[in-house]
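Chain residues, written in single-letter form:
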Amino acid sequence: MPLITYRKALNDALAEELLRDENVVLLGEEVAEYNGAYKVTEGLWARFGSKRVVDTPISEAGFVGMAVGASMLGIRPVVELMFWSFSYVTFDQIINNAGCVRYMSGGQIACPIVIRGPANGGTNVGATHSHTPENFLANTPGLKVVCPATAYDAKGLMKAAIRDNDPVMFMENTLLYGEQWEVPEEEYLIPIGVADVKREGTDISLIAHGRAVLTCLKAAEILQAQHGISAEVVDLRSIRPLDEETLLASVRKTHRAVLVEENKPFCGVDAQIASLIQEKAFDELDAPIQRISALDAPAIYSPPLEKLQLPTPDRVVQKALSIC
Amino acid sequence: MMEAESRSFADAEINRCLTPEEKIQFLRQMFRIRRFEQTSLKAYNAGKMGGFLHLYTGQESVAVATISLLGENDHVITAYRDHGHALVCGMEMGECMAEFFGKATGSSKGKGGSMHLFAPDKRYWGGHGIVAGQTPLGLGIAYALKYKGIRGCCLCYLGDGAVNQGVFHESLNLASLMSLPVIYIIENNGYSMGTSLARSSAFKQMLAQRAEGYNIPWDHANGENIYEMRVKTQAAIERAHEESRPTVLEIATYRYYGHSVADANARKYRTPEEIEHYKTYHDPLRLWQKRLVDEGILTEEQADAIDHEARAEAEVASRFADESPFPTEADIFTDVYSEVDQPVGDGPHGTYFFN
Ligand SMILES: Cc1ncc(C[n+]2csc(CCOP(=O)(O)OP(=O)(O)O)c2C)c(N)n1
Ligand SMILES: [Mg+2]
């Protein structure tokens, strides 16, 4: 299987879907002529032209709202936010319009839109550019939220997201764009709402989403090599809908869980996961559930400190050891 | 001079081609909106519905005149003061009233309420509760039409308060930049809740003039005059259809009731004399009725009969709403995700609701 980058996997998914369905349109700041601020859309404007790949002004509330409106008439817009941090100026359009129109119309109106872009800290761009709003958005029934951790997942989930009839919030990671994974050449889709066990283990479950999955995989290696502990790594992939069965099955097997995310702790995604586990697998637990999130302050700029603010393999190892 | 201008609107081609029956239909629609709303107000006061109820009374002519020009590829979207637009677009009184009552037979199965009436099959896209939140949606509808190569347009209504929202300005910029067939109709009723126009907006002559900054043509019309509104709206529609260009049209109008029925200060921010003055001298319904009588195509008796029918229709709608069942608890979880309602393949996957 060829090794390709997370960026290329997304690019391929977008190109395949543009080719497949003439109603798919890419919109966003610098997505066309500039080839994308992070080059995710590189070459697509040259290949598909200005009707299908559209540069917008810096006007997130306007163009996200416009895309929501267009989707109500059957267009399938894939809107890039240069950073998910900028979604905060268009929350009304995302939550009130994309998130509620199906419900408030009694199911008469669909909103098949994808909003995508990077949602991550760790790149020394300061608090305003380092937000991870997956918890906020997953709090809105009507929205779907996915956070792929690998190129393989990014491609399969993007294709599924574009074909989905509901609004999908697709959160990428600038630190992963250049990383490579094996991706098959044949077409495949990954259904939204299906988690993936990225590493099998028997002693403890490390449950994560997004880049934290990779942190957990590194921690699992250390736990195995240095402590003889077999850790299972569960990648949620999709936050809403959530594959409860897979994560609960892992906990029932290992009886211990550390939840890891780059989101902030207060009402983070893992607060929900912890609540689920204690409710549905309490008797299976041999130890209290542990959580590791970003350290609870605005994202600090200072490069060495910012590295510490996000979960590290070492912190995951320490937490795991505390309950093993 | 005003007389002459008024006559010239009546004589415009778009109005000369109206049949007497079409003109009478405008009156019928205004009566239907007014009686529907009066009946809904009674029901509101009787505790039949919750929340807000934003009455359109006094503004009926705006929806009637502007929507009267739309063809099969033209669309409508508006804010929460949406009863008039909904009825003129062809929604039934019964489904609307049932929606107000929160009933399963409502247009949105009781999930939207009065601010959120939708009928996409009639190209009527709501009904939106966030001030100016609908303005980029209207733009998107126009975008979709242009994308699909359909010759149509979207009438997107907003209030005089909504013009101060950033997203409206973003929409104007995009509309002009991308050359989209959207027509923003500012229904200037002089107030945004309790705040008068003078206290909310900085402008030179008109709110619509702001369009100039975006290189968008703009115009204004008197909301009492159906002929004038049709002439001005028709020009905008032609611009949208022929050139795929946007327009901003400001229409002077007035609402008789408070901002919503729950407006505690309804009698404080404007004088009773002001309201009486409008009702007596500027009521669009009565003015149109008088005009049709003057034109010799309607008698007072016939007008009364139309009024009577509208009242009766509203009563039937109210009874229908009253007798309809409420949604069930299970209905809370339908119409949230399409994949849950209509699973495709082996889906849906995962947990959608976290109760
Ligand atoms: C974003 C937002 N802010 C405030 C409100 C509360 N609100 C609803 S309508 C309204 C007044 C709007 O006035 P205008 O745009 O003139 O429309 P009108 O009610 O006169 O039709 C206000 C303040 C809201 N619904 N949405
Ligand atoms: Mg107003």
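A brief structural summary. (Residues numbered from 1 in each chain as written. Chains lettered and ligands numbered in written order. Predicted model: local features only at pLDDT ≥ 70, side-chain atom pairs only at ≥ 80, totals over all residues. Heavy atoms only, no water.)

## Structural notes on the overall build of chain B
Argument step 1. Looking only at helices and strands, chain B has 14 helices and seven strands in total.
Argument step 2. Each principal axis of the C-alpha atoms in chain B carries an extent, and together these give about 70 × 50 × 40 Å.
Argument step 3. Counting across all 355 residues of chain B, residues that qualify as buried make up 56%.
Argument step 4. Surface summary for chain B: the accessible area is close to 14600 Å², and the carbon and sulfur share equals 52%.
Argument step 5. Within chain B, the 48 negative side-chain charges are centred at a point lying 3 Å from the centre of the 35 positive side-chain charges. (Helix = DSSP H or I, 4+ residues; strand = E, 2+ residues; numbered from the N terminus. Buried < 20%, exposed > 50% of the residue type's maximum accessible area, 1.4 Å probe, protein only. Areas by Shrake-Rupley, 256 points an atom, 1.4 Å probe, with all protein chains shown as cover. Lys, Arg positive; Asp, Glu negative; His and termini not counted. Charge placed at Lys NZ, Arg CZ, Asp CG, Glu CD.)

## A word on the pattern of salt bridges
All names here are of chain A.
Argument step 1. As enumerated under the stated definition, the model contains 39 salt bridges over all chains in all.
Argument step 2. Close ionic contact of Arg116 with Glu172 constitutes a salt bridge, the shortest N to O distance being 2.7 Å. Here Glu172 lies in strand 7 (residues 168-172) and Arg116 lies in strand 5 (residues 114-118), a separation of 56 residues in the sequence.
Argument step 3. The buried category is assigned to Glu172, whose relative accessible area is 2%. (Salt bridge = Lys/Arg side-chain N within 4 Å of Asp/Glu carboxyl O.)

## Considering the pairing of strand 7 of chain A
Each regular strand displays side chains that alternate between the two surfaces of the sheet.
Residue and element names in this part refer to chain A.
Argument step 1. Of all the five residues making up strand 7, five are buried; the element is thus mostly covered by neighbouring parts of the structure.
Argument step 2. With burial as the criterion, each face of strand 7 is covered, one bearing Val168, Phe170 and Glu172 and the other bearing Met169 and Met171.
Argument step 3. Both strand 5 and strand 7 contribute to a ladder of five bridges, which runs parallel. Considered in strand 7, the bridge of Gly117 is made with Met171.
Argument step 4. With three bridges joining them, strand 6 (residues 144-146) and strand 7 adopt parallel strand pairing. Residue pairing across strands places Val145 opposite Met169, the latter belonging to strand 7.
Argument step 5. Regarding the hand of the β-α-β motif, the stretch spanning strand 6, helix 7 (residues 151-163) and strand 7 is right-handed. (Pairing = 2+ DSSP bridges. Right-handed = clockwise from strand over helix to strand, strands pointing away.)

## Re the coordination of the magnesium ion (ligand 2)
All names here are of chain B.
Argument step 1. Every protein donor of the magnesium ion (ligand 2) is accounted for by Asp160 (OD), Asn189 (OD1) and Tyr191 (O), and the metal-donor separations fall at 2.0 to 2.1 Å.
Argument step 2. Counting residues between consecutive donors of the magnesium ion (ligand 2) along the chain gives the motif D-x28-N-x1-Y. Of this pair, Asp160 sits in the loop between strand 2 (153-159) and helix 8 (166-177) while Tyr191 is found in strand 4 (residues 191-192), placing the two residues 31 residues apart along the sequence. No difference in accessibility class separates Asp160 from Tyr191, as the two residues are buried. (Donors = N, O, S within 2.8 Å, 3.2 Å for Na, K, Ca; no water.)

## Some points on the site of ligand 1
Residues and elements named next belong to chain B.
Argument step 1. Tyr80, Arg81, Asp160, Gly161 and Asn189 are the nearest of the 15 residues found near ligand 1.
Argument step 2. In this structure, Tyr191 approaches ligand 1 through a main-chain N or O atom, which is 3.0 Å from an oxygen atom.
Argument step 3. For ligand 1, whose accessible area on its own is 590 Å², the fraction buried by protein is 72%.
Argument step 4. Residues of the shell around ligand 1, tallied by class, amount to six nonpolar, seven polar and two charged. (Near = heavy atom within 4 Å. Polar contact = N/O pair within 3.5 Å; in protein donor to acceptor, adjacent residues only side chain to side chain. Nonpolar A, V, L, I, M, F, W, Y, C, P; charged D, E, K, R; others polar.)

## Describing the nonpolar core
Argument step 1. Ile207(A), Ile277(A) and Tyr143(B) are the most contacted members of the largest nonpolar core, which totals 83 residues.
Argument step 2. Leave out the neighbours within four places in its chain, and Ile207(A) touches Val234(A), Leu236(A), Leu247(A), Val251(A), Ala257(A), Val258(A), Leu259(A), Val260(A), Ile273(A) and Ile277(A).
Argument step 3. In terms of nonpolar packing, the next biggest core, distinct from the first, is built from 63 residues, Leu55(B), Met93(B), Leu292(B) and Ala317(B) among them. (Core = buried A, V, L, I, M, F, W, Y, C linked by side-chain atoms within 4.5 Å. Contact = heavy atoms within 4.5 Å.)

Read these as geometric descriptors, not functional statements.
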